[in-house]
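Report on the structure
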Amino acid sequence: MRRRIGMTGIGQILFIQGGGAGAHDEWDDKLFDSLRRELGDGYEVRYPRMPDEDDPSYARWSAAIRREIATLADGAVVAGHSVGATILINALAERPPERKLRAIVLIAAPFVGPGGWLSDEFERPYDLGARLPHGVPVHVFHGLQDETAPPSHADLYAAAIPQAQVHLLPGRDHQLNDDLSELARVIKIDTRRPVAQD
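Reference entry: report on the structure contained in this document. Since the structure is predicted, the reported quantities are computational estimates derived from the model, not experimental observations. (Residues numbered from 1 in each chain as written. Predicted model: local features only at pLDDT ≥ 70, side-chain atom pairs only at ≥ 80, totals over all residues. Heavy atoms only, no water.)

Some points on the side chain of D146
Take D146: it is sitting in the loop between β6 (138–143) and α5 (152–160). One buried charged residue, D146, remains without a salt bridge, the closest side chain of opposite sign being R172 at 11 Å. Within polar-contact distance, the side chain of D146 engages the backbone nitrogen of T148 at 2.8 Å. (Helix = DSSP H or I, 4+ residues; strand = E, 2+ residues; numbered from the N terminus. Buried < 20%, exposed > 50% of the residue type's maximum accessible area, 1.4 Å probe, protein only. Lys, Arg positive; Asp, Glu negative; His and termini not counted. Salt bridge = Lys/Arg side-chain N within 4 Å of Asp/Glu carboxyl O. Polar contact = N/O pair within 3.5 Å; in protein donor to acceptor, adjacent residues only side chain to side chain.)

And the structure:
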């Protein structure tokens, strides 16, 4: 199932869900609804279902994410929540996207590598920031009450992606209390800037 809102010319957002049983329909759908509501008219928010959500695999999810990005127009914003954000950022670093992106947004993203989570499937490249599309803003949103991926993970992303802007949100949990209003404000600013042309 693919949920999207009609586009009237301003921007496309690809929102990648987190992992876990029921994440698409029972958890992250509230984030999708918040983002769609806060952005308002003029934005198309895509929310594809990732394969085997209860057992996220880097190989399966990164392939699905690349397919989704290939359907976007130049100038789209890509965002991911939780493990979806972790896979998204690593997939973008592993292989440049086919489209020119306007912004990359990580929401409550677990950091894979030293100081963060361990993974047998993939390891964050040492030069993560340098491997991302040049000139594309990167935003890291993290709740200070996140008990799933501690706020220290946002600091690890800041060190690995020097160009990232980190937004730490007091009183917010791993689901950011189902409120993406701050993220929507940042997207509205970024979608009014020119697309990086490298």
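Here we look at the environment of I104
Structurally, I104 can be placed in strand β5 (residues 101–107). As a C-alpha pair, I104 and A93 span 11 residues in sequence and 12 Å in three-dimensional space. Once residues lying within four places of it in the same chain are set aside, the contact partners of I104 are V78, I89, L92, P133, V136, P137, V138 and H139. (Contact = heavy atoms within 4.5 Å.)

Regarding the packing of aromatic side chains
One pass over the full model with this rule turns up three aromatic pairs. Centre to centre, the rings of F111 and Y157 are 5.0 Å apart; their planes meet at 80°, and the pair counts as edge-to-face. Residue F111 is located in the loop between β5 and α4 (128–131), and its partner Y157 is located in helix α5; the two are separated by 46 residues in the primary sequence. Put simply, the rings of F15, F32 and Y47 touch in pairs and so form one group of aromatic residues. (Phe/Tyr/Trp six-rings, centres within 6.5 Å; stacked < 30°, edge-to-face > 60°.)

A short note on unusual backbone geometry
The backbone phi angle of S82 is positive, close to 55°, even though this residue is not glycine. With respect to the helices and strands, S82 occurs in the loop between β4 (76–81) and α3 (83–94). Overall, S82 belongs to the buried group, its relative accessible area being 8%. In this structure, A108 is a non-glycine residue whose phi angle is positive, near 50°. Structurally, A108 is set in the loop between β5 and α4. Given the relative accessible area of 0%, A108 is considered buried.

Regarding the pairing of β4
Burial of β4 is extensive: six of the six residues sit out of reach of the surface. Neither face of β4 is left uncovered, since the one carrying A76, V78 and G80 and the one carrying V77, A79 and H81 both have all their residues buried. Here strand β2 (residues 11–16) pairs with β4 via four bridges, running parallel. Its bridge partner being in β4, I13 is matched across the sheet by V77. Summarising the sheet, β4 and β5 pair through six bridges and their orientation is parallel. Within β5, the position partnered with V78 by the bridge is I104. (Pairing = 2+ DSSP bridges.)

Describing the pattern of salt bridges
Here the structure, examined in full by the defined rule, presents nine salt bridges. R49 is the salt-bridge partner of D25, the closest N and O atoms lying 3.1 Å from each other. Taken together, the positions of D25 in helix α1 (residues 23–39) and R49 in the loop between β3 (43–48) and α2 (58–70) put the pair 24 residues apart, joining distant regions of the chain. According to the relative accessible area criterion, D25 is partly exposed, its value standing at 39%.

Topic: the packing of α1 against helix α6 (residues 181–190)
Their axes nearest at 9 Å, the elements α1 and α6 cross at an angle of 45°. Considering the angle they form, α1 stands oblique to α6. Two packed elements cross with a definite hand, and for α1 against α6 that hand is right-handed. For the pair α1 and α6, the contacting residues are S34, L35, E38 and L39 in the first and S181, L183, A184, I187 and K188 in the second. Its residues assigned to classes, the contact of α1 with α6 shows five nonpolar, two polar and two charged. (Axes fitted to C-alpha atoms, helices over the stretch in contact; angles between N-to-C directions. Parallel < 35°, antiparallel > 145°, perpendicular 65-115°, else oblique. Left-handed = near helix turned anticlockwise from the far one by under 90°. Nonpolar A, V, L, I, M, F, W, Y, C, P; charged D, E, K, R; others polar.)

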